[in-house]
Every structure is written in structure tokens, then in C-alpha cells.
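# Tertiary structure, described
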Amino acid sequence: MGTEIIILEQPISVCVPPNHKVTLRVEAIGTGPLKYQWFDKYQKEVVGGTEPKLTLTLQKSGYYCCRVSDLYYQCQITEWVKVIVLDVEGVSHLWRGDPYIVIHPIRQKVKLGEAFTLECTALGKPTPSYQWYRNGQPLREETSEILEIKNSITDHAGSYLCAVSNILDEVWCEAAEIEVASPDELPTPKLFATDKVALLIGNLNYNHHPGLMAPTMDVHELANGLQQLGFRVVSMLDLTLQEMQAAIEKFLQLLDRGVYAVFYYAGHGYEHSGRNYLVAIDAPRPYRTENCVCVQRVMHSMQERKAQLNVLLLDTCRKWYKQKGPPSEISPLAPLGNTVYGYATSEDAEAFEVQNGGKSTGIFTKYLNKHISEPQKVTHVLEQVSEDLGKDPLVRGRQVVEIRHTLTEPRALTDPVRTSGHTIELCRRDACWKQANVLPGRKFINFQDGAVQVELSFSALFSNVLVVFGTARNTNALAQQCTLLLDSEPKMQDIFSSCGRSEEMDSLLVCSGKPPDCTLRLCCLQRLQGSLVIKVQLQYCHPETKKQLTQMKEVDIGRPLIASCMLNQLRLVDRKQQSCVHTVGHASSLSWSHHHHLRPYTRKAENKLLSSVKPNSTSSNKPEENDESDFTK
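Residues numbered from 1 in each chain as written. Predicted model: local features only at pLDDT ≥ 70, side-chain atom pairs only at ≥ 80, totals over all residues. Heavy atoms only, no water.

What follows concerns the sheet that holds strand 22 (residues 259–266). Here six strands make up an open sheet; going across it, the order is 21-20-22-26-27-30 and the pairing mixed. Of all strands in the sheet, those bounded by a partner on one side alone are strand 21 (232–237) and strand 30 (402–405). Adjacent strand axes in the sheet meet at a mean angle of 10°, parallel and antiparallel pairs treated alike. Relative to strand 22, strand 20 (residues 195–202) runs parallel, the two being bridged by eight bridges. The residue of strand 22 that forms the bridge with Ala-198 is Val-262. Strand contacts of helix 3 (residues 295–304): strand 22, strand 26 (309–315) and strand 27 (339–343), with the helix running at about 165° to strand 26, the strand carrying the most contacts. (Pairing = 2+ DSSP bridges. Helix = DSSP H or I, 4+ residues; strand = E, 2+ residues; numbered from the N terminus. Axes fitted to C-alpha atoms, helices over the stretch in contact; angles between N-to-C directions. Contact = heavy atoms within 4.5 Å.)

Here the focus is the pattern of salt bridges. Tallying each qualifying case throughout the model produces 15 salt bridges. Put simply, Glu-347 and Arg-318 hold a salt bridge, and the shortest N to O gap is 4.0 Å. A residue pair is termed long-range when its members are at least 10 positions apart, and Glu-347 in the loop between strand 27 and strand 28 (353–356) and Arg-318 in the loop between strand 26 and strand 27 qualify at 29 residues. Across the pair Arg-404 and Glu-347 runs a salt bridge, and its minimum N-O distance is 2.9 Å. Of the two residues, Arg-404 is situated in strand 30 and Glu-347 in the loop between strand 27 and strand 28; the sequence distance between them amounts to 57 residues. (Salt bridge = Lys/Arg side-chain N within 4 Å of Asp/Glu carboxyl O.)

Another point: the packing of aromatic side chains. Scanning the entire structure with this criterion turns up four aromatic pairs. With 5.7 Å between their ring centres and 0° between their planes, Tyr-341 and Tyr-343 make a pair best called stacked. With respect to class, Tyr-341 is no different from Tyr-343; both count as buried. Above the plane of the ring of Tyr-343 lies Arg-318, whose end atom (NZ or CZ) is 3.9 Å from the centre. For the cation-ring pair, Lys-553 lies above Phe-447, with the distance from its terminal atom to the ring centre recorded as 5.4 Å. (Phe/Tyr/Trp six-rings, centres within 6.5 Å; stacked < 30°, edge-to-face > 60°. Buried < 20%, exposed > 50% of the residue type's maximum accessible area, 1.4 Å probe, protein only. Lys NZ or Arg CZ within 6 Å of the ring centre and 35° of its normal.)

With 14 residues, helix 5 (residues 378–391) extends 20 Å from end C-alpha to end C-alpha; this agrees with the ideal 20 Å at 1.5 Å per step. All of the buried residues along helix 5 are Val-378, Thr-379, Val-381, Leu-382, Val-385, Asp-388 and Leu-389. Where helix 5 is buried, its residues meet strand 26, strand 27, helix 4 (363–371) and strand 30. (Expected span 1.5 Å × (residues − 1).)

Below, the discussion takes up unusual backbone geometry. Cis geometry is adopted by the peptide bond preceding Pro-126, which originates at Lys-125 and carries an omega value of 5°. Mapped onto the elements of the fold, Pro-126 is located in the loop between strand 13 (121–123) and strand 14 (129–134). Each neighbour pair has its own omega, and for Glu-489 with Pro-490 the value is 0°, a cis peptide bond. Its place among the elements puts Pro-490 in the loop between strand 34 (482–489) and helix 7 (501–508). Of note, Lys-306 is a non-glycine position whose phi angle comes to about 60°, a positive value. With respect to the helices, strands and loops of the structure, Lys-306 is situated in the loop between helix 3 and strand 26. For Leu-561, which is not glycine, the phi torsion reads 55° and is therefore positive. Mapped onto the secondary structure, Leu-561 falls in the segment after strand 37 (548–556). Residue Leu-561 is classed as buried on the basis of its relative accessible area of 1%.

Ordered in space as 34-36-37, the three strands form an open sheet in which the pairing is antiparallel. Lying at the two open borders of the sheet, with one neighbouring strand each, are strand 34 and strand 37. Averaged over all pairs of adjacent strands, the angle between their axes in this sheet comes to 20°, without regard to strand direction. Relative to strand 37, strand 36 (residues 533–541) runs antiparallel, the two being bridged by nine bridges.

Before going further, it helps to examine the nonpolar core. Formed by 119 residues in total, the largest nonpolar core has its most connected members in Leu-226, Phe-263, Leu-413 and Leu-456. Counting residues per element, this core draws most heavily on strand 22, at eight residues. In this structure, Leu-456 is in contact with Arg-442, Lys-443, Ile-445, Val-468, Phe-469, Gly-470, Leu-486, Ile-534, Val-536 and Val-555, ignoring residues within four places of it in sequence. With 28 residues, the next largest nonpolar core counts Leu-24, Trp-38, Leu-56 and Val-85 among its residues. (Core = buried A, V, L, I, M, F, W, Y, C linked by side-chain atoms within 4.5 Å.)

Right, let's talk about helix 4 for a bit. Within helix 4, eight of the nine residues are buried, leaving the element largely enclosed by the surrounding structure. When helix 4 is considered as a whole, its buried residues turn out to be Ile-363, Phe-364, Thr-365, Lys-366, Tyr-367, Leu-368, Asn-369 and His-371.

Printed below as a string of C-alpha cells:
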């Protein structure tokens, strides 16, 4: 009779996204060789689960345990563990199991005596533990994902936080304010959307006009804010006219009854005869309406789709052109109480940008991001933006937010999504949205017969910008003497290569653990005609001959992100605009202290370096462009 089997290490529960590789393990001791058999929640044997380690890739949650036995018919069964699979998007392939919060608690206003619930959910390997706090004090009994108060009193009001931790790290959720209201202060019933979609465009590298700095950070931060509110977001930088039109057409296909739609643009723009025009990066000089996108035409098309809420947010100048030629002709629709225009500035005025250190952002978008998550009617949010911008001493008297709307209901961007009765349309939108945002999976390439393994992983901060990380895994001494280089076929433009932009882009990439050996930025993926091939070049010193050798291998990653939508092949609906040319005079630059630089979108970048006493031109055929300038906070 052998000694009793003792389990030294139990398997641990985990919480992961779909299709993430998970390894459960058990360690035991006993007499002679031990046998292992893993079981699922139905107590059925897991096929191939006869080793101490069980590797799984799941789409649904499940329970597992392991039976450990010996030759003497003795056995021990481990504790049941749960592999929780949360259907969430956007988790980096570099994630290694540290707590990653996917659901943050939401601020609420509740009636005295009523119940309320706060939820904080996180991925983690192992499954994270939770500790709730109110006004900085731990709630000792509240140690689960859900905090539920069944009978609220005034003492329950305050700021709630949840600390989420496992053996790898500890993170904190966003604060949620709970207000306990008297019966007469009870909030009105919430409105809801059947879905939320957003298209964000930022143009910064113009072929014939001054380049901009702000749109990169503007689009990135607003995309994050809208995603946290449940929006499906496609965000793109540097689009030509054809690409802007194609992206808008694709966006319009996602709109339907009950949908909340947000269209945001940061870049050059102008106004003529009450029409606003957004300038594509390939627009010639001077501007022609046929080379630009008409804002009112975009809104008209959104209204035709009968979405529940249409919001246009425009961080662009509105300087007037001289009145030459007719504006774009747009036939009016029947009155619809569902539109909101949020203009960064008023008619015939400029919009500005702020710079704080290496971070540039439009002054309008700066305050928009501050208030975007507030559970208020969308026009009230824009009023808060207007008030904050009006108090800013750097733009007081130069830039004023303008709000136009036809809302008949207090709809907010924070309204919940209810899909009941709209599942077919939801599935269609879901497929289209995922198509534009799915990243390639991790790739492993072996060099020198496996002496060096190179791992390629991928990240995306925009729907048309892919970042490739290359890491050489040290399998022997050879790997310690190698250099890794990455390239692509076809070669893709790096729109962040200019001074200042590369550092700003790099600051947005947060990698846990060891930094990669090499990084490759691939921009303007919407122009990709076929598959994208990553070229991996390994340079190393031969351990015996000491010669410098080079090996090259290629990996085909298909059409990543927005490239899979094939916008360059999309057949556009005929939305021709009348062609007309307008000219304006060129304004002089504004100057502030050496810490605060303010220049309008309409200014060339070099203008802010000129003397303020330089005389202005009396006439010019150069159009007023929308060139947000920067000043520190």
C-alpha cells in the first residue's frame, strides 16, 4: 500500500477574454508514478486532459477539476475551479494576467429607501479579488464584483471605489458618485438606445496646407471616452476626400431606428453661405467645395437613416469665404427632433489648440473629454464645455462654442443600450464594427532551427494605424547577440515620423513587462490593396566564426483593422457637391508668453515664429484653413 496522495498545488480560477489561452495546473506527490485526468462541469473526462497541465482556449465559461491517482487505486480530486470568459474587446495580446477592469461602476441618483447596485468586473490570471471603499473607507463585507445596497439611506451617499488585485498587480476602478435623493428629486425614467456607433476622423498631415498637431490626441482620447459609454467606435487619421466619403458611407450603413450616432472631426475647415466644409488631406489650394465634405450633407444623410440621436462634433474653424458661387444644394427633410451640432467656435471665427508639454489637444476637445461621460442631456454637456472654454483666459474673446439642436427629449450619450427586438440589425452592426477593429493574433517565428524565436504582437490606437511589436525570445546565448528589424510589404506611411509626433504616439502605447526589441508603425491602412506582409530581419553574430549574419523571414497578416473593410473599393452613393472657389485674406499670428502658444487652425505652423509687427497681406488666394495651434495648460 503506497503513501497517501497529497496535492501540493491546487489549480486556480481565472477570468479571461474569449479565445485566450489558459493553462490550469496541479502538483501532487505520492507513491510511484501518478496519473491525471481532468473533468469538465458535466463530470465528463476532458479529451487529452491526462497531464498535470491542462491548456484551454474557450469561448464560454466552464468549471474544471482534476483526479490524481496512483497504482494502488488511491486518488485525490482537486477543488473545482472556474474559467470565466467575458465577451470583451480591446484587450491587448500583450496582456499576461494582471487585473484588467472591463466594467466600471456608474454614478447614480437613487430614491431614499430604494436599492442600488454597483458593479466592477475585471479580467485576471488568477481571478482578481475585490475590495469596495466608500469615501476612502473600506467596506469590510463588500469583497465581490457586485456591491448591492437594498435599502438606501443618506449615509450611503458618497464616492465609491473598488480595488481589484491578484498576485500580479492591484488596480482601482473609476470613482462612482452615489446621490441619495428625496422622493421629489427622483430622476425621470431613463431613455435608451438600441445601439451606439461613432465615427471619428482627424486630419493632420495635409499635402497643400499647414500640418496640425492636435487631432492625434483628440481622436484617441475621445474614442476612449465614447467606448467607455458603450459606443462602437471607428477612429481614423489622415483621410483623402475619397477615403472620408467612403468612411462616412460605411458609417451611415450602421445607422437605423433607435441608434445613437456620433460623428466627430478635427482638422482644417471653413464656412460658406451657412454650409460648413471639412477639408481632406489631399484638398488643393485654394479650397473648392468639391474637394471637401459638406457637414450639412453628412447630417442630412444621417437623418435619412432615421437614427434616434444624431450628434456632430466639429473641432474646426468656421472662417467665411468670400461669397463666390452657390453653396452645396441640400433638399430639406421633414422636421426631426433628434439632431445636435456642437461647433468648437462660432461663425467666421477660428478654433485653437492647447499644448501641455508634449501633448497637443484642441481646446474644444479638451473640455469635451472632461465632460463627455456625464449623465446629462447631450446639449447640457456641450453647455458645460462652452462654460469652461469661456472661462479659459487664453481664448476668452477669441473662441466661443456654438450649439444647435432640435432635441425634444433629454437624450444623453450615457443612456443605456437595449437590444431587445433589434437583434438582426445588432448582429449586422457588430460584424461590421469588429471587421474594422480586430487585430491579428500573435505570431511566432523560429530562426536558426529554433535557436531564436521572435514573437510578433499587435496593437492599435486607431482603426487605420497598426503597431507591430517584435521581441526576440532568449533560448540560448545566440539570442543575446542579435538585433531585430521589422519592415512591411507594401511599405506603409508613418504619419507620426515628424518631430514631436513620434514621441506623442509612443506615449499612448503602454506595454506591461519587458519592452519589445523593435516596433513598427503602419499607418493609413485604408489604402492597403491586398495582404500586408511583415518582414522580420534578424542580425546576429555567429558564436563560432564571429561573423555578422542576417536572416529574413516573412509573415502574412492579411488585411488588418480598417483594411478589411476595403474602403478604397467601396462604391459611393452620388453625393456631388457644387464646385466653387472662394478666397480669403490671411490673418496674422497671435503671440502669448513663451509658455503659452496659441495659433488658430487657419495659421501655418511657422507663422507663430514670425514677428507680430510683420504686416499682413492685403489679399491672398490661400484659403483660411483649420489649423489648431497649441498653448500649455
